[in-house]
Amino acid sequence: MKRRTFLGAVGAALAIAVTSGASLAADWPKRPINLVVPYKAGGGTDAYARAISKAAEGILDVPVVVVNKPGSAGLNGANSAVGARPDGYTMMMTSGGSFLLSTLTLDTDIDALESFQFVAQVGQLQTSLMVPTGSPFQSVQDVIDAAKADPGSLRWAHSGRGGFHHVGGLGFLASNGIDAQDVPFKGGGPTRAALIGEQADFGFLGVQQLAGFEDQLRALAVNSQDRDAVMKDVPSFGELGIPFAAVSSPVIVFAPKDTPAEIVSAMETALEQIASKPEFAELLAPRGTGPVYQKGVDAKATLSAMKNDARPLVESLSN
Amino acid sequence: MEIFPALLSVVTDPTLLAAILLAAVVGMIVGATPGLTASAAIAMLLPITFYMSPLFALAFLYVIGKSGRYGGSIAAILFNTPGTAASAATQIDGYPLARAGKAGKAMKVATISSVIGDFMGDILLVAGVGFIAAIALKLGPPETFAIYFAAFVVIGSVIGKSIVKGLASALLGVLVAMVGLDPISSEERYTFGSFELSNGIGLVPLMIGVFVLGEVFSQMEERRKSAGRIDDNQTAADDDSLTWEEYKPCLPHAFRGGLIGAGIGVLPGLGSAIAAFISYGEGKRRATNPQQWGKGALEGVAAPEAANNAVSGPSMAPLLTLGIPGSTIGAILLGVFLIHGIQVGPTLFLTDKELVYRLFACGMLGIAAYGVIGYFGATQVARLILKIPTNVLYPIIFLTSFVAAYSARASMFDVTVMTVAGFVGWLMRRHDFNIAAFVISFVLAKGAEETFRQSLLMSDSGLLIFFERPIALAFLLIGCAAIAFRIRSIVKERRIADGELGDA
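On a predicted model such as this, the values are computed, not experimentally measured, just so you know.

Participant: Can you walk me through the overall build of chain A in this structure?
Facilitator: Secondary structure summary: chain A contains 11 helices and 11 strands in total. For chain A, the residues scored as buried account for 52% of the 319 residues in total. Within chain A, contacts between residues separated by at least 24 positions form 78% of all contacts whose residues are at least 6 apart in sequence.

And the structure:
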């Protein structure tokens, strides 16, 4: 009897030893999950991360901690996440379009499509063509006509060269065969302020930036085939029949490459539940954004397609 | 008149009131401790405020700044070492008063004058900031550049003991600011292929380095040179009470100081120390008893103290409406706004007007708080500071600065930056370079370059854009006038402007 107990204990110990690798994944999550955001707190991506962190209560048993690691157009945070221990406790949430473009334009070993596993997409940031309320331009066609009438006379503002707003704007100019001088500002807020102050003739900035500024700005079109899910009053380039480059920025959660598949799929499910929570949408609404969920595989496909679209534009940047 | 509902909402929030009270005490202690400045304390406390709500964080740091400027006068009067550069002028008459056994009287005059000056500054800020914000939206890159230009000129011409060293300090600040990505084309500059340097040099580690670590190093050196410095001016507190008859002649000096301080505060880059010296000089010129000044005149305490505190409020105007920090404290507060996702600049008054007025309300309550504590408790604060031995205090400060530098961005690289900046700050102090000019030009250079190049993009590289736009032209003229004015009076100024462009 005693011997049998002993053997059983040994067996159990062995079983624990053997399965401990697997149980690491099965027990996940046991500790708080660090969600690296490679931008300063306060931006669009950060708003998503903080909403996820709040809405995760009740779905994940552990807190989701937002860790801002800004710098180098988002590559600083990506660098720290790519080398993190692949145990499911460090993941990265980033603006997919900007991340993709910065890996293409800056000197880095990170490949947006290959260096990480795609967990899921939870949101979407879209750029749009805006003018100040006092502007003579009432429609996109007015802008195109004015640019054609006097090439190079117009100034347009965006939030930094190489970002998806800049590339989106370049795509609009290139596909319509027009020419305008860009004036980069640092980030969305200063760009919006400059546009309100009529320092530029038009600007490409996040469509969500219109929220609360309807009296100062007029959004002529959002840079996509269909209208934005939240800012529904703004027409899209697609419905206006105006050619554009499909550059947007899906907000995607990435995991380090070697994270166990069980953990990635558990997180994917958790994110799906979080994204469908009404609380999540409520947290985002004042920012003019909303939940847009896609599975990891689909998010990767979206980003690959964007890479092909953006490549010629990016090449024109580095001339 | 948005300030009244804001005041009401702040007064009815007990936790916020407690935070203001705490900040007033912390600021006073920090300001009164020689070698610890309010900007250093704010830089070190910045990471803690990540966990507070925006209003809490801003009010806490803003009040520390105000009360720290006042606290500097305690050390200036009692120990003849200005707690902050801003109170260097206070020491001229404050210390003789302390030697004459009138330390308590002098501190009470300093308290009342600081409160008067600070309130004047804040009232002018509240009255004028909405107007400035309204026109700020119309200011584009050319106008903003002109304002930066004026600020640079003013720094360049008010740089303390040695003009050459002052200019060199400012130039070094510009050079360090260039490290990182080009603001327009995003190309790397001065990064030497280092990934970390491509982020640029962070303001917080740089400031903690030069202000805190550099100061600790300097103090270590001081101690070795003169072991056993004595503070023999702790006189019996028999002549501490202040009568209305005694303060009455100080009143015009306090009001004039308040106006001078407020006027200087609006211009970015000048700061409290300059305001204090100008007010002292102006006060002495107009005084009925100029021969008393410098030997222990109460008016000589009132004039600079009112001026250096009056800077506090108006210096928020360029920060909030244009995003141009006029002082080192302003630069840190700018970071707090950004961390909490509030975009400082012309649109601030459209998005977060209530928050701004609540912050102003907190500032006013903070003035009242340090006024009351200071009036009745300044002597106790001074005793407390004397009780903490420096061989306990400085190691703690030393350790805290490492933690603070790391925690701001969770980056070891920032710790390296801070350490290097610490040695640079120590060397600069040792050789009489101007640290504040270095830091302020570091802060201004980025914005100046960005707006200059944006302007050129707007005008197809034509420089006329700066002259065609009336507001831009006006500020350029102000800058040029400042140069002319300084050159004219530089000989006269150099006698009294021994103080540096300090802890503004």
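Moving on, there is more to tell.
Participant: How do you make sense of the overall build of chain B when you look at a structure like this?
Facilitator: What chain B contains, in helices and strands, is 22 helices and two strands. Within chain B, buried positions represent 58% of all 504 residues. Here the contacts in chain B between residues at least 6 apart in sequence split such that 80% fall between residues at least 24 apart.

Participant: Before we go on, may I ask you to explain the sheet that holds strand β2 (residues 64–68) of chain A in this structure?
Facilitator: What holds strands together in a sheet is hydrogen bonding between their backbones, with the strands either parallel or antiparallel. All names here are of chain A. Across the sheet, six strands lie side by side as β2-β1-β3-β10-β4-β11; this open sheet has mixed pairing. Looking at strand neighbours, the two that pair on one side only are β2 and β11 (291–295), the edges of this open sheet. Going across the sheet, the axis of each strand differs from the next one's by a mean of 25°, ignoring polarity. Of the pairings in the sheet, the one linking strand β4 (residues 116–125) to strand β10 (residues 249–256) comprises eight bridges and is antiparallel in character. Across the sheet, the residue bridging to Gln 117 is Ala 255, located in β10. Of the strands in this sheet, β1 (33–37), β3 (90–95), β4 and β10 touch helix α3 (residues 75–82), which is tilted by about 155° from β3.

Participant: Can you walk me through the interface of chain A and chain B in this structure?
Facilitator: With 25 residues of chain A at the interface, the matching set in chain B holds 26 residues. Within the residue set of the side of chain A that touches chain B, elements represented by two or more residues are β7 (181–184) and α7 (188–196) of chain A. Here the side of chain A that touches chain B gets six residues from one element, more than from any other, and that element is α7(A). Counted by class, the side of chain A that touches chain B contains eight nonpolar, 11 polar and six charged residues.

Participant: Help me out: how do you make sense of helix α19 (residues 412–430) of chain B in this one?
Facilitator: Because an α-helix completes one turn every 3.6 residues, residues spaced three or four positions apart along the sequence face the same direction. Residues and elements named next belong to chain B. With 19 residues, α19 should cover 27 Å at 1.5 Å per step; its first-to-last C-alpha distance of 27 Å lies within 8% of that length. Taken together, the buried positions of α19 are Phe 413, Asp 414, Val 417, Met 418, Ala 421, Gly 422, Val 424, Gly 425, Trp 426 and Met 428. Following α19 by one or two positions, Asp 432 has its phi on the positive side, about 60°.

Participant: What should I look at first to understand the environment of B:Lys446 in this one?
Facilitator: Residue and element names in this part refer to chain B. Note on placement: Lys 446 falls in helix α20 (residues 435–458). Sequence-wise, Lys 446 and Ala 177 are 269 residues apart; in three dimensions their C-alpha atoms are separated by 6.3 Å. The contact partners of Lys 446, leaving out residues within four places of it in the chain, are Ala 177 and Pro 183.

Participant: Would you mind going over the pairing of β10(A) with me for this structure?
Facilitator: Here is the key point about a regular strand: its side chains alternate between the two faces of the sheet. All names here are of chain A. The buried count for β10 comes to eight of eight residues, which makes it a mostly enclosed element. When β3 meets β10, the two strands line up antiparallel, connected through four bridges. Along β10, the bridge assignment pairs Met 92 with Phe 254.

Participant: It is not clear to me how the pairing of strand β6 (residues 155–158) of chain A should be interpreted in this structure. Could you clarify?
Facilitator: Residues and elements named next belong to chain A. Alternating residues of β6 divide into Arg 155 and Ala 157 and Trp 156 and His 158, and every residue in both groups is buried. Where β6 and strand β8 (residues 202–206) come together, two bridges link them in parallel fashion. In the sheet register, Ala 157 faces β8, and the bridge partner there is Gly 203.

Participant: For this particular structure, what's the right way to read the sheet that holds β7(A)?
Facilitator: All names here are of chain A. Here five strands make up an open sheet; going across it, the order is β7-β6-β8-β5-β9 and the pairing mixed. Strands with a single pairing partner mark the edges of an open sheet, and in this sheet they are β7 and β9 (217–222). Put simply, the sheet's adjacent strands are angled 30° from each other on average, direction ignored. Taken together, the five bridges between strand β5 (residues 127–132) and β9 define a ladder with antiparallel strand orientation. Residue pairing in the sheet places Met 130 in a bridge with Ala 219 of β9.

Participant: It is not clear to me how the environment of B:Ala89 should be interpreted in this structure. Could you clarify?
Facilitator: Position of B:Ala89 among the secondary structure elements: in the loop between α4 (54–79) and α5 (90–99). Residues B:Ala89 and B:Tyr394, 305 residues apart in the sequence, show an inter-C-alpha distance of 26 Å.

Participant: Quick question: what am I supposed to make of the domain arrangement of chain A here?
Facilitator: By a widespread convention, an interface's size corresponds to the accessible area lost as its parts come together. All names here are of chain A. Here chain A is partitioned into domain 1 (33–124 + 249–317) and domain 2 (126–240). A separation of 26 Å is found between the C-alpha centroids of domain 1 and domain 2. In this complex, domain 1 contributes 19 residues to the contact, which on the side of domain 2 involves 15 residues. Of all elements in the fold, only α4 (96–105) and α11 (296–317) reach the threshold of two or more residues within the side of domain 1 that touches domain 2.

Participant: How should the environment of B:Ile42 be read in this particular structure?
Facilitator: Of note, B:Ile42 is situated in helix α3 (residues 38–45). When the C-alpha positions of B:Ile42 and B:Phe60 are compared, they lie 9.2 Å apart, and in sequence the two are 18 residues distant.

Participant: I tried to follow unusual backbone geometry on my own but got confused; where do I start?
Facilitator: With the exception of glycine, the majority of residues adopt a negative phi angle, and the majority of peptide bonds are in the trans configuration. In this chain, A:Trp28 is followed by A:Pro29 through a cis amide linkage whose omega measures 0°. Mapping A:Pro29 onto the fold places it in the loop between α1 (2–26) and β1. A positive phi angle is found at B:Tyr190, which is not glycine, with a value near 50°. Inspection of the secondary structure puts B:Tyr190 in the loop between β2 (188–189) and α9 (203–225). Exposure remark for B:Tyr190: the 15 C-beta atoms within 10 Å place this residue in the partly exposed category. Positive phi, close to 65°, is recorded for B:Ser461, a residue that is not glycine. By secondary structure assignment, the location of B:Ser461 is in the loop between α20 and α21 (465–468).

Cut-offs used in this document
Residues numbered from 1 in each chain as written. Chains lettered and ligands numbered in written order. Predicted model: local features only at pLDDT ≥ 70, side-chain atom pairs only at ≥ 80, totals over all residues. Helix = DSSP H or I, 4+ residues; strand = E, 2+ residues; numbered from the N terminus. Buried ≥ 20, exposed ≤ 12 C-beta atoms within 10 Å, placed from the backbone. Contact = placed C-beta atoms within 7 Å. Pairing = 2+ DSSP bridges. Axes fitted to C-alpha atoms, helices over the stretch in contact; angles between N-to-C directions. Nonpolar A, V, L, I, M, F, W, Y, C, P; charged D, E, K, R; others polar. Expected span 1.5 Å × (residues − 1). Domains from an automatic or database assignment.

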